[in-house]
Structures are given as C-alpha cells and as structure tokens.
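What the coordinates show
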Amino acid sequence: MVFCLMPAMVFAIPQDKNFLYFKFLEMKKEKNGQVSQAIELVCTDPAVGAVKVFYRENSDPAVFFAPVKDGIVTLIVDKPSRISLFAFSTNPAGFPEKKLVAHTNLVLFGKSSVPAPRIMADDIDVNRFAGLPGIELLSSENYYWHQTGQVLKFCIKPVLEPDSSDIDPGNIRIFVLENHKIRRLTMDGTLDFSYDPAHDERLRKTGVTAIRQDILYTTMEEKNQKYFLTYSLLLHRSRKGFNDIFSGVSVLGTSMILFIGLILKKRRTPW
Amino acid sequence: MVESLRLFCQHISFLIMIYGGRLGIRLGNSLPCFTCPYVSGCAGHCYLMVLQRSSVGFQTAFDIFFSGAVFNILWPFAVFLLFFIPLSKLWCSWICPFCLVQDWISLVRKKFYIREMILTRKTRNNIKPVKYILLVLLITIPLAIANFNLHSDWALPFCQICPGKPILPLFQGNWSYFHINYTNGITMAFSFLSMVITGGMLVGMFFRERFFCMFCPMLALMHLLKAISPVRFEKKIHTCTGCGNCERSCPVDIPDVHLEKVKKNVLTQDCMGCMSCVEACPADHTLTFKWFGFRLFSSSRSYLSRKWSQK
Amino acid sequence: MTQPEINPRLLRLQLKTREQIKKETCDQAAKIKNRDDYIKALDPFLESLALSLFPKKFIEKAVIAPVMTMCIQAPMELFSAAGLPVFKLACGSHAAGNLAPLQFPALTCPMIKSLAGLLDPQSGLDLTRQRFVIPTTCDWVVKFSELTGLYGKADIHFMELPHLRENERSSRRWLEEIQALKSWLEKAGQGKITPKALHAAIQCHAKAFELFARLIELKRSQLMPAIHFALIANAFAYQDINFWKDNVRNYIDNLKPMENTLAPVLLIGSPIVFPNYKLLHLMENAGMAVAADDICSLERIFPGAVTFEDKSEYALLRALAERNHKACTCPTFADNERRINGIFNILEKEQIKGIIFHVLKGCHPYEMESGMLETQLKKKGYRFLKIETDYVKEDEQNIVTRLEAFRRTLGS
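Residues numbered from 1 in each chain as written. Chains lettered and ligands numbered in written order. Predicted model: local features only at pLDDT ≥ 70, side-chain atom pairs only at ≥ 80, totals over all residues. Heavy atoms only, no water.

Here we look at the sheet that holds strand β2 (residues 35-43) of chain A
All names here are of chain A. Taking strand neighbours across the sheet as the criterion, the 4 strands line up as β1-β2-β6-β5 in an open arrangement whose pairing is antiparallel. Of all the strands in the sheet, just β1 (20-29) and β5 (68-69) have a single pairing partner and so form its edges. Where β1 and β2 come together, 8 bridges link them in antiparallel fashion. For K29, the partnering residue across the bridge sits in β2 and is V35. (Pairing = 2+ DSSP bridges. Helix = DSSP H or I, 4+ residues; strand = E, 2+ residues; numbered from the N terminus.)

In structure tokens, the structure reads:
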C-alpha cells in the first residue's frame, strides 16, 4: 500500500509522530443519484504498514470495509447517510508497539434506486480493531454541518466499542491543526474536551458550501502500546455568527418608515 | 357564509402548517403554499425552496437533467402536482398560512377604519410580470450556480428575500431572521434586500389586501399549470350587467372578471380562489366556481342581499 | 323669491289643475282599492304617494325639510347618514303638466313636464329655500333647473354623471362627485357624516334591500300583483326608510295568495310613476302580468346591495359610488351594451317570452335604446312590443288592442 508523503510544512503535523489521517477530496453527484466522496488517506510516516478502513452508516451497527486504491477511499451512498469512517494501522514497520487510528464523520445525501456497493467487514478484522481508542465527535447542535465559531465537544474512547473504556486520561495532550496552525486544546482531567474553531476569512468569502479541514490529533500510551489518534473535522463557515439583528431591525424599521411615508403621501391619488 | 368558511379553513390550516410538525404531521416538502421551511416544527415545506435546491431542484448540472438523476427533480414536482391539481389556486386563499397573515394585517387596518391604498389598472398591469420574473430568476440563478460558477451564496435566491422567511418564524417565537448577514458582500446584499422587502411588504400588506400575493411566484407557477386542474372559475357573459362589484370586492382588484365580455373562463393569473367576487355578484349564477364540473359556489342575488344586510 | 303678480286666468288654471291632480290621485287610489287583491297594508304607501303630488304639503308635514332629488344616482344612504329626508322628483300626473312653463318644447318628457308643474312657483312653495340634488343623467334632467327657472335661485347641487362606466377615469370622477355630495350634505344636514353613521345607513338600507329582494321574488313568482309592487317601490322615495320597512313587512305578512293565470311579461323602458299606472292596468286587462321589470322607478329603484371592502369612509363611498354608477343601467350611459345581459338574465331565469318596452313620448334615451334591444331580443326569439305613450288617457283603447294582440302571440 502506497501512501502520500505529506511534507510537514504543509500540514504541520510533527513528522516523527507518524500520524494517519483523512483528507477530504471531491464529492460527486452521480447521474444515477448516488453520491460519492473521495477521501485521501494520508500518513506522515513513509514506513507505515497495513492500513484498513472501515465505516458505519447511520445507526446501523454493521461495520463495512472500504477498499483503498492508490491511497484513496471512495465512499458511495444511495440514500442520505451519516457515516463514521475509521482507518487503523496496527503494524507500522519498525514500530510494532505503535497503533495509528484515524477517524472522521461525514454526511452524504444520496438518493438513488441503484444500490451503492457495500462490503461487509471481516469479523476477525473488526475484532482486532474494536478496542482501539479514537477521537470521537459528540453530537452537536448542527450535527452534520459543523461550523466555525461553534463549540464542538469531543472525547477519546474506543471507536467500535464506545461503552468499554479504561483509558487513563492522565498524560493525554490534544492538539489541533487549525487552519494550518497548531493549537493545544485543554482537557479537564477526563477524556472529554472541546474545540471552538475560529472563523475563517477564506470560508466567509468562498461560499456557503466551502469547507476547511482541521485535524485533531494526540498521542497516548496505554498498556505498553503507543497510540497515534487523529480526527479529521470538516468545517463550514458559521451560518449565524455574522448575523446582526440590530442592523436588521434598523433596516426593516427604516424601510417601513420610508414606505409608510411614500404611501401616506401618495394614497390620496390612486397609483 | 363562504367568507366565514374560508376563514375557518385558513385558521385550521395555519395551525396545521405552522405547528403540525410538532404533532408528527409531515406533508413533505412540495406543498403549493407558503409553509416556510425556516419555521421549525412546521408540517411541510413550500415547493419553491425545493425548486431552488441542489439535487432535487434546479441547482443541478445540465448533464444531470439528461440522466436518471433527473428523477430526483421530477419526483418532488410530481408530489407538488399531486397536491396542486385537486385544489389549484384554492390553496392560496383557503390554505396558505402567509395569506392568512396578510389577512390579519389587513384586519388591523380595517379595525382602525383606515382606507386601502388604491392601485390603478395600469400599475397593476405593470406589477403582473414581476411574479413571472421572480419565478424565472429562482430557476435560472440556481442553474447558474451549478453550471456557470456563480457564487454559491446566491443559493436559494427567492427564499433569501421572501418576506415569509423572517415573518412566519415569528409564530414559533423566532425573530432571528430579522438580521443583516455580514458574512460577505453577497450575504449582506441579500439580507439587506430581505429587510427592505419585508419592511415594504409589511407596510404594503397593511395598506392593501394580499399585497404580497401580487408578486408571489407560487401564484405564477400555479397559473402556468391551471389547465390541468379541475377547478374552474366561469362567468356567464350574457348575464353580467357590469356592476363592478367583483372588481371592488376582490382583494387584489382584478378587473378582468368585470370587463370580460367574450371568454367564459375568468380564472386570471392573480386570482386566488377566495370567491369574494362570487359573493358580491348580484346576478344569479353569473359567476361560478366549479370543481370537476360540480358547482362549488355560484352567485345569487338573494345570497348577496342576505350577506350584506348583516355585514 | 318675490311673488309676481298673478294673472287671474292663471290662478284659475292652477286651482283647476290642483283639483285635477287630486282627482287623478283619488281615481288611482280608488282603482287600486277596488281591486280584489287590495289589502289594507297598502294604505301607507298610497297615502305617501298621494302626498308626493303636493310638495308644499309634504314639506310642511316633514319634521326636517327634505332634499329634492332626481333619478337614482344619488345614493339614498348618504342622505340617511346626513339625517336628511328625501323627496324624489318624479311625477306621473298628467294634470300637473298643465302648469309647466310655456317655454317647454312641444315634445317634452311628460315626467319632466309634470314635475315642472308640480314645482310651479305659484303653488306657494318657496323654491328659493329648497335644496336639490340633481345628477346629470338625460338632457331633460340636465336642463330641468333652467327650464323651470330654479337655476340660480334654489340651492342646487349638481352631480356631474360620467356617461362612461367601465373606465377608471369615469369611476374616479364619479367618486369625486359622491365625495362632493357628502360634503354638501354635511353642510346641509346635521354636521359631519362619520364612517360609522354611513355604515349604519348602509346597513339599514341593506336590510331594506333584503326586503325589496323578497318583494321582487314574490312578484316574479306572481304571488303579488305588479300594481302593489309599483306602489311600494314608488313610495320608497317618500317615506322614512324604517317606516317603509315596517310597512313592507306588514304588507308581506298580510299578502293574500293570488291565482297565477296571467301570462308573465317583462316590462322595460321609461319610468312608471304614481299615479300613471295606465300601462300596468292595461296589461292586466289584456291578460298579462308584469312578472319582472327593468325600470328605474320599480325594480331598479334600489340599485342593489352595497358591497364594500372595509368600513373606512373611502371604501364606503367608493362602494356607494360604484353601486350607483357601474351597476346602473340607465340608457344615458354611453357603454350600456350590457344592459341587455340583465334583461336576458331575467328572461332566462323567469322563463318569460314577451317583453314590453314602455317609452314615454319625449324620453329620448329609452327611445334610442329600444331599437337596439328589439333587434337583439327578437334575434333570440323573444316577442317584443314597444308602447309609446304619455300620461294621457285617450290612447288607452289603442294600447289595450295592441296588448291583447301581443298577448295572443305569447301562447298559453
């Protein structure tokens, strides 16, 4: 399996940490109504070993396998789907104790009578990865349309078995690669933490569908294992953050006064 | 009396449309009336929004129109037709919640004995094409976004300026749509325009009945499809004495019914099926609303004398 | 007005004429009272109409001096709202015409002539103290005040009637006239006419219209004689509206069922005013009943219900203006082509086959329309008879012969 080598200066994730993360590429609406989303699997370590990608759809407990081709995973859906996507690498070459976990959530609005291809994950694989920790985004107000300026809550827990967690929050340090700059996030002694992405001038100008991808990452040690976890967060610009009600009501009031004046002046003579 | 019946229907439908979603009523997103999607907890959505959206509306690449995915656009339209065909323009005066809001605003004016603003026939004729222009724009702008790289902040152009967007959510206690959006120049322009239009419309609706309806692109869309509806509004040309009651009692002062001397069909583009003209017509069976050939309501001298002696 | 020296011959003529008017009135009243269908409930109408032929007495009896008005274009509701009673200038007396000034043309509308006689300055009525509202309908009405010498002496408010109804300019002009009438009535009456007072007056008249519509139904189903209907309709212009409504209710309650044996016909044309019920009697004699009519002194004396959008002053005045303008089918209008529609409507609904067109000699607007209507009606297969007459009795035999012949063409 070949992965892209991403220069550290571009993504600014420390190269020696060997992180694995998702990078969102083009979303495409197919003619048959299906929607496909290409996602690049990026690893900063050239010696990364076997990586497997799985996903879950909506509230379905079934786990599906997503094949990786040339470092790109293509998800195809035929109905509106909330997808939880994971990538695991348990055997990076030369570092057998290291485990890399990438996670993200996305929503795709497919609408087609042609069923999308799905491959059920191998139970053996699922069991191998089930207990691995990952960064999980807790549901928020705009659960699929995450926006800048909004407080997003996360936690660290096993990705496929979220109820069984014996992770020690002791020495975990969370970072976020926010708009190409690294920022440390504070944790309050538990596995929960929050992130409020700052507004982005580019997103404001580009349009309502424009996206920014931030990456939350951490390393942690647990039972002689080293974990390198990432979460790829897709962000849109804030929908309501730039709304000013006072200005709106002022314009409304002024417009009403002007129209009332105009009508009162002219209503004696029919228009 | 027909007017009381209409008002009763309008109030019931208002409650259903605005609050029905909270009771689990889901009527889909292809309704031929202003049940605004910006009202959370509403029972269904106005079809105009779907028309402007991507995948299900016209914000779609041209090649999609010639593929199987066009079904995604046709399906909501089919649902819209399913709702529209049986009632045609009766949706406007008997069901549309925004129409009722306008009637309430007019009622306040009437309570204060304030006279209506009168528009000449010339002005009214000049206004007529506006709704068609809006309809064309709400189709072409999304097309341009999907095909000609128009900035995506032009999305849902009509919804962005529709006065229903800030006004209707007021009924669920949300007044946050009265704002200026400073995200960028386009959003600022749209929100500014929205506030100016809303202000103008509120004033217009106060001084003139159904002021907004004169500009409503839904009415334009309905009028284009009126031929496939079983609702007919007919006039017996040879019994009309030209008293003008129909024009005066019409909320939007349609002159065509009064002036028509040749054609039997008088369901004009601005008609909303409120039947006020039928109620005011003194000539027996001269104006008639029909549904599948059945007479829904017909004018009569005795009805007129009874109604207006009690008003 | 200074009283000119009275010529003894003229004085004799006046006295004689007054006697003749009285006799005409009594004869007509007796004729009605002698009918089998006469009921006591008709008396109030008869009394008011008899009094209408003596304006001096009428005015003396009135608590508030009435405003004299012509035609049906001035809305009665406005007078009611102003608290002013109305004396309708309409007269069917042949004798009264004898007192008309000599400058009247030879072929004068008999109603105008008899009205001129009725308002004869020698009658003791101080015309300079009278108030008139005159809508400019036909040429006779337009020139009436000049011909009778009222112009410049009496307080006359002219309402310039636009002779087009379907364009906006005319409607606006007529609305201005109605607004001007309101201002004039406010000065003449008991102060400002508020929208509430106007609405109350409209409601009051609407209730009267409801009763009137009931009467029309009774007449059309031949449950009441056309003569009774004519009496009630004519008297409307001389009675207080509430008094008239009480009288109508009383009449309806006491109405005797009658046998329906006469052929129904539609009567259209020039106005028929008390005591000139010549044609109504003759038609009955010839075996025809006026099941419906399109005459401004009968069914059309009520122009209809006022349908207003709101209760603002503007809306109420506009509704009144349009009701008395657009809804009026007076032949003086230039765009009166849809008058025929109203006629067809009645003919179809009441299944009437015959139309009698009544033209008063000198009544040019109706005379002009008669030819056009005749062509259109005959084209649709209806029987049409034009009767041209005036207030004289000498042509009665001739008319009845023609009516009988016409009756035969209607079949059983």
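Comments concerning the packing of aromatic side chains
Tallied over the full model, the rule gives 46 aromatic pairs over all chains. Centre to centre, the rings of F58 of chain B and F65 of chain B are 5.9 Å apart; their planes meet at 35 degrees, and the pair counts as tilted. Both rings, one in F206 of chain B and one in F207 of chain B, keep their centres 5.1 Å apart while their planes meet at 90 degrees; by these two values the pair is edge-to-face. Aromatic rings pair up to connect F209, F212, F229, F236, W244 and F302 of chain C into one cluster. (Phe/Tyr/Trp six-rings, centres within 6.5 Å; stacked < 30°, edge-to-face > 60°.)

Details of the interface of chain B and chain C
At the junction of the two partners, chain B supplies 46 residues and chain C supplies 40 residues. The interface formed by chain B and chain C includes 6 salt bridges. Between K261 of chain B and E166 of chain C there is a salt bridge whose closest N-O contact spans 2.8 Å. Where chain B meets chain C, there are 13 residue pairs in polar contact (both at pLDDT 80 or more). For the side of chain B that touches chain C, the secondary structure elements donating two or more residues are α6 (97-111), α7 (121-147), α12 (245-249), α13 (256-259) and α15 (301-310) of chain B. (Contact = heavy atoms within 4.5 Å. Salt bridge = Lys/Arg side-chain N within 4 Å of Asp/Glu carboxyl O. Polar contact = N/O pair within 3.5 Å; in protein donor to acceptor, adjacent residues only side chain to side chain.)

Considering the nonpolar core
Residues F132, Y251, Y277, I356, L377 and L403 of chain C are the most contacted members of the largest nonpolar core, which totals 153 residues. Ranked by residues supplied to this core, first place goes to helix α8 (residues 195-220) of chain C with 11 residues. Not counting the four nearest positions on each side in its chain, F132 of chain C is found in contact with V67, M68, L89, L119, L127, L150, A154, D155, I156, H157 and W184 of chain C. Residues F34, L100, F212 and C213 of chain B belong to the second largest nonpolar core, which totals 90 residues. (Core = buried A, V, L, I, M, F, W, Y, C linked by side-chain atoms within 4.5 Å. Buried < 20%, exposed > 50% of the residue type's maximum accessible area, 1.4 Å probe, protein only.)

Looking at the pairing of strand β2 (residues 231-235) of chain B
Residues and elements named next belong to chain B. Counting buried positions along β2 yields 4 of 5 residues, so the element is predominantly enclosed. Sheet topology places β2 next to strand β3 (residues 287-291); 5 bridges connect them, and they run antiparallel. Paired with F233 across the two strands is F289, which belongs to β3.

Structural notes on helix α13 (residues 339-350) of chain C
For an α-helix, the turn length of 3.6 residues means that residues three or four places apart are oriented alike. Residues and elements named next belong to chain C. Over its 12 residues, α13 runs 17 Å from end to end, which matches the ideal 16 Å to within 8%, given 1.5 Å per residue. Structurally, α13 contributes buried residues whose contacts are with α8, β5 (263-269), β6 (288-294), β7 (354-360) and α14 (364-379). Backbone geometry just after α13 places Q351 at a positive phi near 55 degrees. (Expected span 1.5 Å × (residues − 1).)

Examining the pattern of salt bridges
Applying the stated criterion across every chain yields a total of 56 salt bridges over all chains. Among the salt bridges present, the one from E57 of chain A reaches K79 of chain A, with a minimum N-O distance of 3.9 Å. You can see E57 of chain A sitting in strand β3 (residues 51-57) and its partner K79 of chain A sitting in the loop between β6 (72-77) and β7 (80-89), a full 22 residues away along the chain. According to the relative accessible area criterion, K79 of chain A is partly exposed, its value standing at 36%. When the shortest N-O distance is used, the salt bridge between E350 of chain C and R220 of chain C registers 3.7 Å. Within this pair, whereas E350 of chain C is found in helix α13, its partner R220 of chain C is found in helix α8, the two being separated by 130 residues in sequence.

Quick notes on the packing of helix α2 (residues 43-52) of chain C against helix α9 (residues 226-235) of chain C
Residue and element names in this part refer to chain C. Orientation of α2 relative to α9, taken along the N-to-C sense of each, is 55 degrees, at an axis distance of 9 Å. In this view, α2 runs oblique relative to α9, as classed from their interaxial angle. Between α2 and α9 lies a crossing of left-handed hand. Contacts from F45, L46 and L49 of α2 reach α9 at L231, I232, N234 and A235. Residues of the contact of α2 with α9, tallied by class, amount to 6 nonpolar, 1 polar and no charged. (Axes fitted to C-alpha atoms, helices over the stretch in contact; angles between N-to-C directions. Parallel < 35°, antiparallel > 145°, perpendicular 65-115°, else oblique. Left-handed = near helix turned anticlockwise from the far one by under 90°. Nonpolar A, V, L, I, M, F, W, Y, C, P; charged D, E, K, R; others polar.)

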